[in-house]
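Listed below are the residues making up each chain.
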Amino acid sequence: MRSLPDKLHRTFFKSMSLLPARGQGLLLRHYFEWFHRTPDPWRHAVDPYEARKYATTLAHVEGDTFDRVLDVGCSEGTFTLLAAESYPQADVLGVDVSERAVHRAASRSKARPSGRTRFAAMDFLNQDPGGRFDLVVCAETLYYVGRDDRLRLASERLRSFLAPGGTLVLVHPWPEGPPPAPLRGRRPAAGQAGRTGRTRRRQALRRQLLPAPVAGPGR
């Protein structure tokens with residue numbers, strides 16, 4: 001059972017998704033600009049859970065080769081820079097709705113050059129990152145999107161960023177909608193991002209990494 005703070009958190013963002021997508025994107029941008037008023041608000045750079053999550057995420061695609069990598073909801077770029085180190089030959093782009101976040105990410109990238117890495121402020125529900133990507137990662141972001149119809153839109157948007165045969169990695173608990181269809185033996189249902197390419201859903205990753213449920217979502 002989810003905690004009261006978690007329920008209030010999700011209700012708040014579901015209410016936001018009653019707006020048209022562009023209005024929702026504008027509110028999300030203001031919210032995350034405010035949330036990033038202090039650096040690294042989720043402690044991505046120092047939290048042991050985050051470090052295990054990043055290592056496990058990269059392990060799921062270990063051995064594959066990617067020329068273009070996209071990190072959607074990159075915050076201040078901790079995972080993006082790790083992905084760039086793992087794939088130094090790749091063009092790596094991290095995008096986030098918060099300009100403050102991507103500004104800090106870009107500063108970190110200059111101080112610690114890793115491959116060909118860029119960051120950009122982008123609302124992925126309404127904007128396109130440019131071109132298509134062999135690997136698209138979206139971690140602990142979708143529960144900010146809201147209701148089922150907006151989740152379907154988000155899934156279609158993420159799928160549209162994939163190059164043919166590309167890999168989509170989603171790292172989320174999944175209470176907002178029905179569980180995704182199993183990938184072995186069945187074709188994913190319409191509207192799920194797994195419909196294209198070698199899609200890998202890791203919605204149970206958080207349960208694999210933590211010994212007990214957490215009180216509320218991270219990012």
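Residues numbered from 1 in each chain as written. Predicted model: local features only at pLDDT ≥ 70, side-chain atom pairs only at ≥ 80, totals over all residues. Heavy atoms only, no water.

Caption draft 1: Focus on empty space enclosed by the protein. The full count for this structure, using the stated rule, is three cavities of 30 Å³ or more. Lining the second largest cavity are 15 residues, and of these Tyr54, Asp71, Gly73, Phe79 and Ala139 sit closest to its centre. For the lining of the second largest cavity, the secondary-structure elements that each account for two or more residues are α3 (48–60), α4 (78–86) and β4 (133–139). Residues belonging to the lining of the second largest cavity are distributed by class as follows: five nonpolar, six polar and four charged. (1 Å grid on protein atoms, 1.4 Å probe; cavity = no way out; pocket = protein on both sides within 12 Å on 5 of 7 lines; lining within 4 Å. Points joined across faces, edges and corners; volume = space filled by probe spheres on them. Helix = DSSP H or I, 4+ residues; strand = E, 2+ residues; numbered from the N terminus. Nonpolar A, V, L, I, M, F, W, Y, C, P; charged D, E, K, R; others polar.)

Caption draft 2: Inspection of helix α5 (residues 99–111) at higher detail. With 13 residues, α5 should reach 18 Å at 1.5 Å per residue; the first-to-last C-alpha distance of 19 Å fits that figure. Within α5, burial applies to Ala101, Val102, Ala105 and Ser109. Buried residues in α5, looked at end-on, bunch into an arc of 90 degrees, giving them a common side. Exposed side chains of α5 directed beyond 90 degrees from the buried face belong to His103, Lys110 and Ala111. (Expected span 1.5 Å × (residues − 1). Buried < 20%, exposed > 50% of the residue type's maximum accessible area, 1.4 Å probe, protein only. Arc of directions from axis to C-beta.)

Caption draft 3: Here's a closer look at the packing of aromatic side chains. This model, assessed by the stated rule, comprises 15 aromatic pairs. For the ring pair Phe13 and Tyr31, a centre distance of 5.2 Å and an interplane angle of 85 degrees mean the geometry is edge-to-face. Of this pair, Phe13 sits in helix α1 (residues 4–16) while Tyr31 sits in helix α2 (residues 21–35), and the two are 18 residues apart along the sequence. Summarising the aromatic geometry, the rings of Tyr54 and Phe79 are spaced 5.5 Å apart at their centres and angled 45 degrees between planes, so their arrangement reads as tilted. With a gap of 25 residues between them, Tyr54 in helix α3 and Phe79 in helix α4 connect regions that are remote in the sequence. For Tyr54, a relative accessible area of 7% translates into the label buried. A connected cluster of aromatic rings, assembled from ring pairs, spans Phe12, Phe13, Tyr31, Phe32, Trp34, Phe35, Trp42, Tyr143 and Tyr144. The residue whose ring lies beneath Arg37 is Trp34, and the NZ or CZ to ring-centre distance is 4.0 Å. The ring of Phe133 is capped by Arg68, whose NZ or CZ atom sits 4.2 Å from the centre of that ring. (Phe/Tyr/Trp six-rings, centres within 6.5 Å; stacked < 30°, edge-to-face > 60°. Lys NZ or Arg CZ within 6 Å of the ring centre and 35° of its normal.)

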